[in-house]
Structure formats: structure tokens, C-alpha cells
Amino acid sequence: MRKKTKNILSVVPHTRYLGISILVDTDLREWAIKSIKGFSFKSTKIRAQAIITRYINEFDVEVLVLKKPDPQRSSKNLKNLVRAIQNISRKKNIHTITYSLNEIKQALITQKRKNKSNLLYEVTSHYPFLRGQFEKEKNQRNKYYTRMFESIALGLTYLSK
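Bear in mind the structure is a predicted one, so any value in this text is a computation, not a measurement.

Draft legend 1. Structural detail: the environment of Leu9. Within the element layout of this structure, Leu9 appears in strand β1 (residues 7–13). Ignoring sequence-local partners within four residues, the contact set of Leu9 consists of Ile20, Ser21, Ile22, Ile52, Tyr55, Ile56, Val61, Val63, Leu64 and Val65.

Below, the structure is given as C-alpha cells:
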């Protein structure tokens, strides 16, 4: 009897961008940064909800994995955005799990120093075709693709537990 595959949507929410990845078991099918900038929070939230809903419908998602916002570094709007994403999954009966950045690091990083750079390196060890983006990203001052790497790490964290 064949084991049923799990379609996992991992999301790293931010008030301007969403880091998104789709994993079918351990196979990385899609990874992206999606811009959700709007003129108001309401338009930003609507854009984010549309993007999440499209991914859920297109990939027949069974599990939604969200990065838990840091309570000391997140705004009221970010917390509302996370709640809106969780409401979508609740309405569609999708299992939702949240992980903090520290939980992700603990689950994936084997080195002593558990920092974001080592986390990104760990992701590229699972998916070597991302090595080029990793090399570009580690030399950047403003880390744009880090959210995308974090979303992939979220999916891997879910699969490791």
C-alpha cells in the first residue's frame, strides 16, 4: 500500500512580503517571495489572503505551516495578518502549525552556532539547486530572499517532527 503524500504550504508573513514554499513530502515544488504591499493594511490583507487561497487551491494543501511572529518585534498589523491567514486555513479545514524562529533553528541546525546564516546553509544542503541564491543572499546588506529560505525551513521543520 502506497503512503499518502502531504502537500505543505509554508508561509513567513511580513507586512510587505510573504515568503512562500510548497513541499510535497520532501519535494520542493515552489518557492517565492510575494509582494503584498498596499495603500492600506486592509488592501495588504486582502492581497495576502488571495495569494494564500490561490496556493491552497492550486496545490491541494493539507498542512499550513506559519512562522510565529516575534512578540517583541512584530506590529499589530502583522499579528492581524497572521490571524487572517489562520482563519483561511480554519475555514478550509487545513491543519495549521506555527513555529518560532528558535524552534526552526533547533530542529534543523546541527552546528553549535544556531544563526540565520547556518539555517540558510542547512536549507541549501537539502536543496542544492538553491545554492546560487544562497551565495547571492549572504553577501547582501538587505536580505530579501531570507524569508523564502525561512519558509522552506518551516516545511522541513514540520517534516522533521
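That was the structure; now back to the text.
Draft legend 2. The arrangement of unusual backbone geometry in detail. In this model, Asp25 sits at a positive phi of 55°, which is unusual for a non-glycine residue. Looking at the element boundaries, Asp25 is found in the loop between β2 (17–24) and β3 (27–35). Despite not being glycine, Asp60 has its phi angle at roughly 50°, a positive value. Structurally, Asp60 is set in the loop between α1 (41–59) and β4 (63–67).

Draft legend 3. Here's a closer look at the pairing of β2. Burial analysis of β2 places 8 of its 8 residues in the buried class, the great majority of the element. Burial along β2 is two-sided: Tyr17, Gly19, Ser21 and Leu23 facing one way and Leu18, Ile20, Ile22 and Val24 facing the other are all buried. Adjacent in sequence and paired antiparallel, β1 and β2 are bridged by 3 residues. Pairing geometry for β2 and β3, over 8 bridges, is antiparallel. Bridge pairing links Leu23 to Leu28 in β3. The antiparallel hairpin formed by β2 and β3 contains 2 residues in its connecting segment, where Asp25 sits at a positive phi of about 55°.

Draft legend 4. Local environment of the sheet that holds β3. With mixed pairing, the 5 strands of this open sheet are ordered in space as β3-β2-β1-β4-β5. Every other strand in the sheet has two partners, leaving β3 and β5 (95–99) as the edge strands with one partner each. Across the sheet, the axes of successive neighbouring strands diverge by a mean angle of 20°, strand direction being ignored.

Draft legend 5. The arrangement of helix α4 (residues 116–126) in detail. Buried within α4 we find Asn118, Leu119, Leu120, Glu122, Val123 and Thr124. Buried residues along α4 sit in contact with α3 (101–108), α5 (131–138) and α6 (146–160).

Draft legend 6. Expanded view of the packing of α3 against α6. Look at α3 against α6: their axes get within 9 Å of each other, and the N-to-C directions meet at 60°. Judged by the twist between their axes, the crossing of α3 over α6 is left-handed. Between α3 and α6, the residues in contact are Leu101, Glu103, Ile104, Ala107 and Leu108 and Glu150, Ala153, Leu154, Leu156, Thr157 and Ser160, respectively. For the contact of α3 with α6, the class distribution of residues is 7 nonpolar, 2 polar and 2 charged.

Draft legend 7. Fine view of the side chain of Ser74. With respect to the helices and strands, Ser74 occurs in the loop between β4 and α2 (76–91). For Ser74, a relative accessible area of 15% translates into the label buried. A polar contact of 2.8 Å, which involves the side chain of Ser74, links it to the backbone oxygen of Asp70. With near-sequence residues (within four places) excluded, Ser74 lies in contact with Pro69 and Lys79.

Conventions we followed
- Residues numbered from 1 in each chain as written.
- Predicted model: local features only at pLDDT ≥ 70, side-chain atom pairs only at ≥ 80, totals over all residues.
- Heavy atoms only, no water.
- Helix = DSSP H or I, 4+ residues; strand = E, 2+ residues; numbered from the N terminus.
- Contact = heavy atoms within 4.5 Å.
- Buried < 20%, exposed > 50% of the residue type's maximum accessible area, 1.4 Å probe, protein only.
- Pairing = 2+ DSSP bridges.
- Axes fitted to C-alpha atoms, helices over the stretch in contact; angles between N-to-C directions.
- Left-handed = near helix turned anticlockwise from the far one by under 90°.
- Nonpolar A, V, L, I, M, F, W, Y, C, P; charged D, E, K, R; others polar.
- Polar contact = N/O pair within 3.5 Å; in protein donor to acceptor, adjacent residues only side chain to side chain.

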